Amino acid sequence: MSSSFSLQIRCCISGQSGFYTLPDPAVPFPYGVKTSPVVVSGRRLPDWTRREVVLMRGIADVERTANLRQSPEVDAQGKTRFEPAGYVFSRV
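Small disclaimer: the values here were computed from a predicted structure and weren't measured. (Residues numbered from 1 in each chain as written. Predicted model: local features only at pLDDT ≥ 70, side-chain atom pairs only at ≥ 80, totals over all residues. Heavy atoms only, no water.)

1. Digging into the overall build of the chain
- The helix and strand inventory of the chain stands at 3 helices and 2 strands.
- Listed N to C, the secondary structure of the chain is β-α-β-α-α in terms of helices and strands.
- In terms of overall dimensions, the chain has a C-alpha envelope of 50 × 25 × 25 Å along the principal axes.
- In the chain, which comprises 92 residues, the share counted as buried stands at 24%.
- Sequence separation of at least 24 residues holds for 50% of the intrachain contacts in the chain that already meet a minimum separation of 6.
- Here the chain has roughly 7,000 Å² of accessible surface; of this, 56% comes from carbon and sulfur atoms.
- Distance between charge centres in the chain, computed from 12 positive and 8 negative side chains, equals 8 Å. (Helix = DSSP H or I, 4+ residues; strand = E, 2+ residues; numbered from the N terminus. Buried < 20%, exposed > 50% of the residue type's maximum accessible area, 1.4 Å probe, protein only. Contact = heavy atoms within 4.5 Å. Areas by Shrake-Rupley, 256 points an atom, 1.4 Å probe, with all protein chains shown as cover. Lys, Arg positive; Asp, Glu negative; His and termini not counted. Charge placed at Lys NZ, Arg CZ, Asp CG, Glu CD.)

Next comes the structure, spelled out in C-alpha coordinates:
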(Lines give C-alpha, C1' and ligand atoms only; values in the text may rest on other atoms or scores of the structure.)
Protein backbone atom coordinates (compact mmCIF):
# COMPACT_ATOMS: atom_id res chain seq x y z
CA MET A 1 0.00 0.00 0.00
CA SER A 2 1.39 3.40 -0.90
CA SER A 3 0.28 6.73 0.37
CA SER A 4 0.72 10.11 -1.16
CA PHE A 5 -0.02 13.54 0.17
CA SER A 6 0.55 17.12 -0.80
CA LEU A 7 2.02 19.58 1.66
CA GLN A 8 0.75 23.12 1.31
CA ILE A 9 2.08 25.98 3.36
CA ARG A 10 -0.57 28.53 4.20
CA CYS A 11 1.38 30.77 6.54
CA CYS A 12 5.01 31.05 7.60
CA ILE A 13 6.21 32.63 10.83
CA SER A 14 9.82 33.74 11.09
CA GLY A 15 11.28 35.14 14.27
CA GLN A 16 14.57 36.88 14.96
CA SER A 17 16.37 35.44 11.95
CA GLY A 18 19.98 36.43 11.52
CA PHE A 19 19.40 36.61 7.75
CA TYR A 20 16.72 35.71 5.21
CA THR A 21 16.71 33.88 1.89
CA LEU A 22 15.12 36.35 -0.51
CA PRO A 23 13.12 35.20 -3.54
CA ASP A 24 15.76 36.78 -5.78
CA PRO A 25 17.11 34.59 -8.61
CA ALA A 26 20.14 36.87 -9.04
CA VAL A 27 21.43 36.41 -5.48
CA PRO A 28 23.29 33.17 -4.61
CA PHE A 29 21.88 30.82 -1.99
CA PRO A 30 21.48 31.06 1.00
CA TYR A 31 20.74 34.80 0.65
CA GLY A 32 18.74 34.35 -2.58
CA VAL A 33 17.50 31.41 -4.66
CA LYS A 34 20.30 31.29 -7.25
CA THR A 35 22.10 27.93 -6.84
CA SER A 36 19.50 26.82 -4.28
CA PRO A 37 19.35 23.09 -3.49
CA VAL A 38 15.58 23.39 -4.06
CA VAL A 39 14.78 24.28 -7.66
CA VAL A 40 12.75 27.48 -7.71
CA SER A 41 12.05 28.53 -11.26
CA GLY A 42 11.19 32.08 -12.22
CA ARG A 43 7.75 30.79 -13.10
CA ARG A 44 7.25 29.38 -9.57
CA LEU A 45 8.61 32.37 -7.62
CA PRO A 46 5.22 34.12 -7.53
CA ASP A 47 3.72 30.96 -6.00
CA TRP A 48 6.32 31.04 -3.23
CA THR A 49 6.01 34.77 -2.56
CA ARG A 50 2.21 34.88 -2.41
CA ARG A 51 2.22 33.01 0.90
CA GLU A 52 1.33 34.85 4.05
CA VAL A 53 4.45 35.55 6.12
CA VAL A 54 4.62 36.89 9.66
CA LEU A 55 7.94 38.53 10.52
CA MET A 56 8.56 38.72 14.24
CA ARG A 57 11.27 40.87 15.75
CA GLY A 58 12.01 42.06 19.25
CA ILE A 59 12.85 45.68 19.94
CA ALA A 60 15.51 44.59 22.44
CA ASP A 61 17.24 42.28 19.93
CA VAL A 62 19.65 44.97 18.76
CA GLU A 63 23.04 43.70 19.88
CA ARG A 64 25.51 42.13 17.48
CA THR A 65 26.73 38.95 19.11
CA ALA A 66 29.37 36.40 18.18
CA ASN A 67 26.74 33.70 17.52
CA LEU A 68 25.36 35.63 14.52
CA ARG A 69 26.70 34.86 11.06
CA GLN A 70 28.90 37.75 9.97
CA SER A 71 29.75 38.39 6.33
CA PRO A 72 29.25 41.18 3.78
CA GLU A 73 26.11 39.38 2.49
CA VAL A 74 24.59 39.16 5.96
CA ASP A 75 25.64 42.68 6.89
CA ALA A 76 23.76 43.94 3.82
CA GLN A 77 20.56 42.72 5.51
CA GLY A 78 21.50 44.05 8.95
CA LYS A 79 24.01 43.54 11.73
CA THR A 80 21.60 42.43 14.48
CA ARG A 81 18.57 40.12 14.66
CA PHE A 82 16.26 43.16 14.61
CA GLU A 83 17.39 44.69 11.29
CA PRO A 84 16.98 41.80 8.78
CA ALA A 85 13.19 41.64 9.29
CA GLY A 86 12.89 45.28 8.19
CA TYR A 87 15.21 44.63 5.27
CA VAL A 88 13.27 41.62 3.97
CA PHE A 89 9.93 43.42 4.53
CA SER A 90 11.13 46.27 2.31
CA ARG A 91 12.28 43.85 -0.43
CA VAL A 92 9.27 41.55 -0.84
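Okay, back to it.
2. Some points on the side chain of Ser 71
- Its location among the elements puts Ser 71 in the loop between strand E2 (52-56) and helix H2 (72-77).
- A distance of 3.2 Å separates polar atoms of two side chains, one belonging to Ser 71 and the other to Glu 73. (Polar contact = N/O pair within 3.5 Å; in protein donor to acceptor, adjacent residues only side chain to side chain.)

3. A few points about the pattern of salt bridges
- Using the criterion set out here, one finds 2 salt bridges in the structure.
- For the salt bridge of Asp 24 with Arg 91, the shortest nitrogen-to-oxygen distance reads 3.1 Å. On the criterion of sequence distance, the pair formed by Asp 24 in the loop between strand E1 (11-15) and helix H1 (45-49) and Arg 91 in helix H3 (residues 83-91) is long-range, its members being 67 residues apart.
- The exposure class of Arg 91 is partly exposed, given its relative accessible area of 42%.
- Here Arg 64 makes a salt bridge to Asp 75, at a shortest N to O gap of 3.0 Å. Placement of the pair is Arg 64 in the loop between E2 and H2 and Asp 75 in helix H2, with a sequence separation of 11 residues.
- By relative accessible area, Arg 64 is classed as partly exposed at 33%.
- Residue Asp 75 is classed as partly exposed on the basis of its relative accessible area of 27%. (Salt bridge = Lys/Arg side-chain N within 4 Å of Asp/Glu carboxyl O.)

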